[in-house]
Amino acid sequence: MVDRTFLSWPFLEGKHAALYERVDAWASAHASILHGPDESSAAAAAVVRRLVGEMGSEGLLATATGGANGALHGPLDARSLCICREVLARHGGLADFAFAMQGLGTGPIGLFGTDEQKGRFLPAVAQGKAISAFALSEQAAGSDVSALATSATRDGNGWRLDGEKTWISNAGIADLYVVFARTGEAAGAKGLSAFVVEATAPGFSVTKTIDLIAPHPIGKLAFDGVRVGAADLLGAPGQGFQIAMATLDVFRSTVGAAALGFARRALDEAVRHATNRKLFGQPLSDLQLTRAKLADMALAVDAAALLIYRAAWTKDVKGARVSRESSMAKLFATEEAQKVIDSAVQIFGGLGVTRGNIAESLYREIRALRIYEGASEVQKLVIATRLLADAAT
Ligand SMILES: Cc1cc2nc3c(=O)[nH]c(=O)nc-3n(C[C@H](O)[C@H](O)[C@H](O)COP(=O)(O)OP(=O)(O)OC[C@H]3O[C@@H](n4cnc5c(N)ncnc54)[C@H](O)[C@@H]3O)c2cc1C
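Residues numbered from 1 in each chain as written. Predicted model: local features only at pLDDT ≥ 70, side-chain atom pairs only at ≥ 80, totals over all residues. Heavy atoms only, no water.

**So, the pairing of strand E1 (residues 132-135)**
Covered by surrounding structure in E1 are Ser 132 and Phe 134 together with Ala 133 and Ala 135, the residues of both alternating faces. When E1 meets strand E4 (residues 176-182), the two strands line up parallel, connected through four bridges. For Ser 132, the partnering residue across the bridge sits in E4 and is Leu 176. (Buried < 20%, exposed > 50% of the residue type's maximum accessible area, 1.4 Å probe, protein only. Helix = DSSP H or I, 4+ residues; strand = E, 2+ residues; numbered from the N terminus. Pairing = 2+ DSSP bridges.)

Right, dumping it as structure tokens:
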């Protein structure tokens, strides 16, 4: 029985509980298509395409993009994003991925785009007719965004993009990419701008797909004199870093929510297995060391949920920057989910390291969440920086 008690916490409203039930019912009804063949990014890409189409026609992606029709775009509701990601991750990693990327890939447009840009790009993504991507990372600029080298130079009324990106989720299946490039208004992170690049643009190519331990569509991009118009610049020149960070500020706690979904699944599966498995003449769950493990897992799950919904509530209700809260949520939820899942593997014994076992697949799914959208070390730096700044005032 999945724990739903958190739905009555004061951080959440009735609409969030209703959304939870709706997404849960959709995921249960679509169980057969949530899991892809477990071999390659290319195989996972086909599953993600299908999931985006299904979620779009069901109206679920409107939560990811901030509205059903884009042009009438509303603010993103962080708690709704977290609810969707938690539920979808509990059902399957690719479902969470398909949903989350429609949000991350359009977040900069929703937050900083003009009405014309929102109207041009968001409706198709909300309806699942187009796939979006967020292209920030490069070979030499992962954690260190200030080292970003892809350039955008003025070219008539528009811009010309040259460079390479890597680790770009949805590479190859995305129809539009929000690309961060150096425009040089200042040194380092202050000299970046954000552009929307359509996959059909001449000079744009996907040069490689990358196979992950938990396959998702992901790869490398090349920009060889890609021309974009002035209307494809998001915000102002030099605002790129601010756009990237503001978007990640919203989505960081949602990464924690996905980790929470994986952890809840691991806990539920571990409880079920420990109750059914007989050892030394009794259920595994009757052994005290097992009970201690289950207690630690349950504590980690609840504590992660508190941090996640605290961060999302602060964003939605207080309307403040939530770097500290969302970094705490992501850091704690992803690190603890890794431990919870590892405990589930242990409780499953040999089955837990067998290909196709749920604990084994969660063990692979969780790992990347401690690295992307700011590795755990980066989250610690964000938290400490805020702490020290607050102490100095
Ligand atoms: C599955 C997956 C999906 C991704 N999707 C996208 C995407 O859609 N778009 C996109 O732009 N990028 C994406 N990324 C890239 C991701 O954001 C980067 O991998 C991440 O920022 C880390 O960069 P890096 O891999 O270059 O590692 P590096 O920057 O080389 O860091 C290596 C390690 O150093 C440690 N570290 C980092 N900073 C510090 C510090 N200050 N002090 C001490 N240790 C530190 C961390 O443990 C880190 O893991 C994705 C990555 C993965 C794995």
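This is not the end of the story, as more comes after the structure.
**Re the pattern of salt bridges**
Considering all chains together, one arrives at 25 salt bridges under this definition. Asp 232 is the salt-bridge partner of Arg 120, the closest N and O atoms lying 3.0 Å from each other. Of the two residues, Arg 120 sits in helix H8 (residues 115-126) while Asp 232 sits in the loop between strand E7 (218-228) and strand E8 (233-234), which places them 112 residues apart along the sequence. When its relative accessible area of 33% is taken as the criterion, Arg 120 is described as partly exposed. Given the relative accessible area of 13%, Asp 232 is considered buried. For the salt bridge of Glu 360 with Arg 355, the shortest nitrogen-to-oxygen distance reads 3.6 Å. (Salt bridge = Lys/Arg side-chain N within 4 Å of Asp/Glu carboxyl O.)

**Quick look at the site of the ligand**
Surveying the vicinity of the ligand reveals 19 residues, the closest of which are Phe 134, Ser 137, Ser 143, Trp 167 and Glu 377. In the environment of the ligand, an oxygen atom lies 2.7 Å from a nitrogen or oxygen atom belonging to the side chain of Ser 143. Taken by itself the ligand offers 960 Å² of open surface, and the protein chains cover 67% of this. Elements supplying a minimum of two residues to the shell around the ligand: E1, strand E3 (158-169) and helix H13 (376-392). Broken down by class, the residue content of the shell around the ligand amounts to 13 nonpolar, four polar and two charged. (Near = heavy atom within 4 Å. Polar contact = N/O pair within 3.5 Å; in protein donor to acceptor, adjacent residues only side chain to side chain. Areas by Shrake-Rupley, 256 points an atom, 1.4 Å probe, with all protein chains shown as cover. Nonpolar A, V, L, I, M, F, W, Y, C, P; charged D, E, K, R; others polar.)

**Overview of the side chain of Glu 365**
Within the element layout of this structure, Glu 365 appears in helix H12 (residues 358-367). No salt bridge is formed by the buried Glu 365. Its closest oppositely charged neighbour is Arg 364, at 6.3 Å. (Lys, Arg positive; Asp, Glu negative; His and termini not counted.)

**Structural notes on H8**
Every α-helix carries 3.6 residues per turn, so stepping three or four residues along brings you back to the same face. Taking 1.5 Å per residue, 12 residues should reach 16 Å; H8 reaches 15 Å between its end C-alpha atoms and fits that length. Of all the positions in H8, only Gln 117, Lys 118, Phe 121, Leu 122, Pro 123, Val 125 and Ala 126 are classed as buried. (Expected span 1.5 Å × (residues − 1).)

**Topic: the nonpolar core**
Leu 51, Met 55, Ile 83, Leu 161, Phe 180, Val 197 and Tyr 309 are the most contacted members of the largest nonpolar core, which totals 118 residues. Here this core takes 18 residues from helix H9 (residues 240-276), the largest share from any one element. Excluding its chain neighbours within four sequence positions, the residues that come into contact with Tyr 309 are Phe 6, Phe 11, Leu 12, Arg 79, Cys 82, Ile 83, Glu 86 and Leu 260. (Core = buried A, V, L, I, M, F, W, Y, C linked by side-chain atoms within 4.5 Å. Contact = heavy atoms within 4.5 Å.)

**Quick word on the packing of H9 against helix H11 (residues 323-348)**
It is at 8 Å that the axes of H9 and H11 come closest, and there the two elements cross at 20°. Taken together, the axes of H9 and H11 lie roughly parallel to each other. Considering how the two elements wind past one another, H9 and H11 form a crossing that is left-handed. (Axes fitted to C-alpha atoms, helices over the stretch in contact; angles between N-to-C directions. Parallel < 35°, antiparallel > 145°, perpendicular 65-115°, else oblique. Left-handed = near helix turned anticlockwise from the far one by under 90°.)

**Remarks on unusual backbone geometry**
Of note in this structure, Asn 170 is not a glycine but carries a positive phi near 75°. With respect to the helices, strands and loops of the structure, Asn 170 is situated in the loop between E3 and E4. The buried category is assigned to Asn 170, whose relative accessible area is 1%. A positive phi is found at Phe 280, a non-glycine position, where the angle reads about 50°. Residue placement: Phe 280 occurs in the loop between strand E9 (278-279) and strand E10 (282-283).

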